[in-house]
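A closer look at the structure
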Amino acid sequence: MYTIGIDVGGMSIKAGVVKGGKIINKLSKETNRNGGMEVLVQDIKVLVEDILVQNNINIEEVNNIGIGIPGVVTNDGGVTCVNLGLKNALIAPMLQDSFKGSKVSIGNDANVAALAEFSYGSMKGYDSGVMITLGTGIGGGIVVNGKLITGANGIGAEIGHMMISSNYFECNCGNNGCFETFCSATAIIKYAQKLVEEGRKTTIIEMAENDINNITAKMVFDSYKENDEVAIEVVDRFKKYLAMGLANIINFIDPQVISIGGGVSNASDIMLEGLSEKVKQYLPFKEGNIADIVIAQFKNDAGILGASAL
Ligand SMILES: [Zn+2]
């Protein structure tokens, strides 16, 4: 038997046939961001049909069709995603009508990535794990005994919006002080830009060809390796708040493992150095063991793999 994972993103919709935790074949198409629910459901339906034909698989051989989507998914399956023009869209039930023999499920993309790591990747073998994805924003996913914990209303695990401290700019959600305004790639870039605008000398701006809009998180980490003072300040600030965020997660849940993914996790050596000790400093109970902190295994395939495991 097979499962199918669908990864809906702002740029593309990817579909993959999965067997035994491995993606056998992938197919994708551009996302029609203005199409609304009907067009999205139709696009997913066609992708599934095409990938089945391409791989000579009959729909009767497919147990699950899972979908990961960047939005809030309530427990009754309603999807709200501003970027895709969806409000309480019942995508999974509509698709279920077309694929009656298979179970169609849908989940938030960060939750789905956590499930991929838990089922097949960096959190495999643990009973409880939390994944944070450090990208443009911060996504979160909590898995206990193989089940995603999304809360009574399906709106939990929004780890990126836990409020940590006051910050010098507001979060997209309208609040001030969210975790993602300190530790996302965007936050790292913004803080580097701020220091450059204050007139600080740094190799980061040379790498960015004297245009602060070209600054990337990678440039900050590369400059850090060259002992650039500004880069050290940006990275130290990032790591301080990352440690606070992880301490909060441990205070709430105390999982066996925390997996860090997303673009920022490419700088894993810099990020992990001394991180566990820093986290312990913020815990009320400093003795004893804390969660293993690991780096996510899957990059682009997390969405397909995790959705297929829903
Ligand atoms: Zn927020």
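Quick notes on the rules
- Residue numbers restart at each chain and count upward from 1, following the sequence in its written direction.
- Side-chain atom pairs in this predicted model are given and counted only at pLDDT of 80 or more, local residue features only at pLDDT of at least 70, and totals for whole chains, interfaces and linings cover all residues.
- As a rule here, side-chain values cover all heavy atoms of the structure and leave hydrogens and water aside.
- The way it works is that DSSP assigns letters per residue, a run of H or I at least four long becomes a helix, a run of E at least two long becomes a strand, and they are numbered from the N terminus.
- In this treatment the radius of gyration is a C-alpha quantity, and the globule benchmark scales as 2.2 Å times the residue count to the 0.38 power.
- Using a 1.4 Å probe on the protein chains alone, a residue whose accessible area is under 20% of its type maximum counts as buried, one over 50% counts as exposed, and one in between counts as partly exposed.
- Note on contacts: a residue pair qualifies if any of its non-hydrogen atoms lie within 4.5 Å across the two residues.
- Note on charges: Lys and Arg go in the positive column, Asp and Glu in the negative column, and His and the chain ends are not counted at all.
- To locate a charge, take NZ of a lysine, CZ of an arginine, CG of an aspartate or CD of a glutamate.
- Donors, by definition, are the N, O and S atoms found within 2.8 Å of a metal, the threshold being 3.2 Å for Na, K and Ca, and water is not counted, so a site can look incomplete.
- Strands are labelled as partners when DSSP assigns at least two bridges between them.
- Domain extents, as shown, originate in an automatic or database domain assignment.
- By buried area we mean how much accessible surface two parts lose on assembly, using a 1.4 Å probe and totalling the loss over both.
- Every case where a carboxyl oxygen of Asp or Glu lies within 4 Å of a side-chain nitrogen of Lys or Arg is listed as a salt bridge.
- Polar contact is defined as a pair of N or O atoms within 3.5 Å, subject to the rule that within protein one atom must be able to donate a hydrogen and the other to accept it, and that residues adjacent in sequence are counted only when both atoms are side-chain atoms.
- In this analysis an axis means a line fitted to C-alpha atoms, helices contributing only their contacting stretch, and an angle means the value between N-to-C directions, from 0 to 180 degrees.

This part covers the overall build of the protein chain. Looking only at helices and strands, one finds 11 helices and 13 strands in the protein chain. Relative to a compact globule of 310 residues, whose C-alpha radius of gyration would be 19 Å, the protein chain shows 20 Å and is just as compact. Projected onto its principal axes, the C-alpha positions of the protein chain cover 60 × 45 × 35 Å. Burial analysis of the protein chain (310 residues in total) assigns 51% to the buried set. By sequence separation, contacts in the protein chain at least 24 residues apart represent 62% of the contacts at least 6 residues apart. Distance from the positive charge centre (25 side chains) to the negative charge centre (34 side chains) of the protein chain: 2 Å.

So, about the coordination of the zinc ion. In this structure, His161 (ND1), Cys171 (SG), Cys173 (SG) and Cys178 (SG) serve as the protein donors to the zinc ion, at separations of 2.0 to 2.3 Å. Counting along the primary sequence, the residues that act as donors to the zinc ion give the motif H-x9-C-x1-C-x4-C. Overall, Cys171 belongs to the buried group, its relative accessible area being 5%. Of the residues examined, Cys173 reaches a relative accessible area of 39% and is grouped as partly exposed.

The strand order across the open sheet built from 3 strands is E5-E6-E7, with neighbouring strands paired in antiparallel fashion. Since the sheet does not close on itself, it has two edges, and those belong to strand E5 (72-73) and strand E7 (86-89), each with one partner. As defined by bridge partners, E5 adjoins strand E6 (residues 79-81) across 2 bridges and the pair is classed as antiparallel. Across the sheet, residue Val72 finds its bridge partner in E6, namely Thr80.

Along the chain, Met1 falls in the segment before strand E1 (2-8). When the C-alpha atoms of Met1 and Glu61 are compared, they prove to be 5.1 Å apart, with 60 residues separating the residues in sequence.

Now for the domain arrangement of the protein chain. For the protein chain, the assigned domains are domain 1 (2-119 + 301-308) and domain 2 (125-295). The centre of domain 1, based on its C-alpha atoms, is set 28 Å off from the matching centre of domain 2. On the domain 2 side, the residues contacting the 11 residues of domain 1 number 20 residues. The contact between domain 1 and domain 2 buries some 1,200 Å² in all, and 62% of this surface belongs to carbon and sulfur atoms. It is Asn75, Asn111 and Phe118 in domain 1 that bury the most area against domain 2; as a group they hold 49% of the surface buried on that side. At the boundary of domain 1 and domain 2, one finds 0 salt bridges. Inspection of the region where domain 1 meets domain 2 yields 4 residue pairs in polar contact (both at pLDDT 80 or more).

Moving on to the pattern of salt bridges. Evaluated as defined, the whole model comprises 8 salt bridges. Measuring nitrogen to oxygen at the nearest pair gives 3.5 Å for the salt bridge that ties Lys29 to Asp43. Separated by 14 residues along the polypeptide, Lys29 in strand E3 (residues 22-30) and Asp43 in helix H1 (residues 36-54) bring together distant segments of the chain. Lys29 sits in the partly exposed class, given a relative accessible area of 32%. Take Asp43: its relative accessible area is 12%, and that puts it in the buried class. When the shortest N-O distance is used, the salt bridge between Asp222 and Lys225 registers 4.0 Å. You can see Asp222 and its partner Lys225 sitting in helix H7 (residues 217-225), 3 residues apart, about one turn around the helix. Among the residues examined, Lys225 registers a relative accessible area of 54% and is labelled exposed. Residues participating in the shared-partner salt-bridge network are Lys218, Asp222 and Lys225.

Now for H7. Among the residues making up H7, those that are buried are Ala217, Met219, Val220, Phe221, Ser223 and Tyr224. Downstream of H7 by a residue or two, Asn227 has a phi angle that is positive, lying close to 60°.

Turning to the sheet that holds strand E9 (residues 128-134), a few remarks are in order. On the basis of which strands lie adjacent, the open sheet formed by 5 strands has the order E11-E10-E9-E12-E13 and mixed pairing. Each having just a single partner strand, strand E11 (147-148) and strand E13 (292-295) make up the two edges of the open sheet. Note that E9 and strand E10 (residues 138-144) share 7 bridges and pair antiparallel. Within E10, the residue paired with Ile132 across the bridge is Gly140. Here helix H3 (residues 109-120) sits on the sheet and contacts E9, E10, E11 and strand E12 (257-261); the angle it forms with E10, its principal contact strand, is near 50°. Strands E9, E12 and E13 of the sheet are contacted by helix H8 (residues 229-252), whose axis makes an angle of about 150° with E9.

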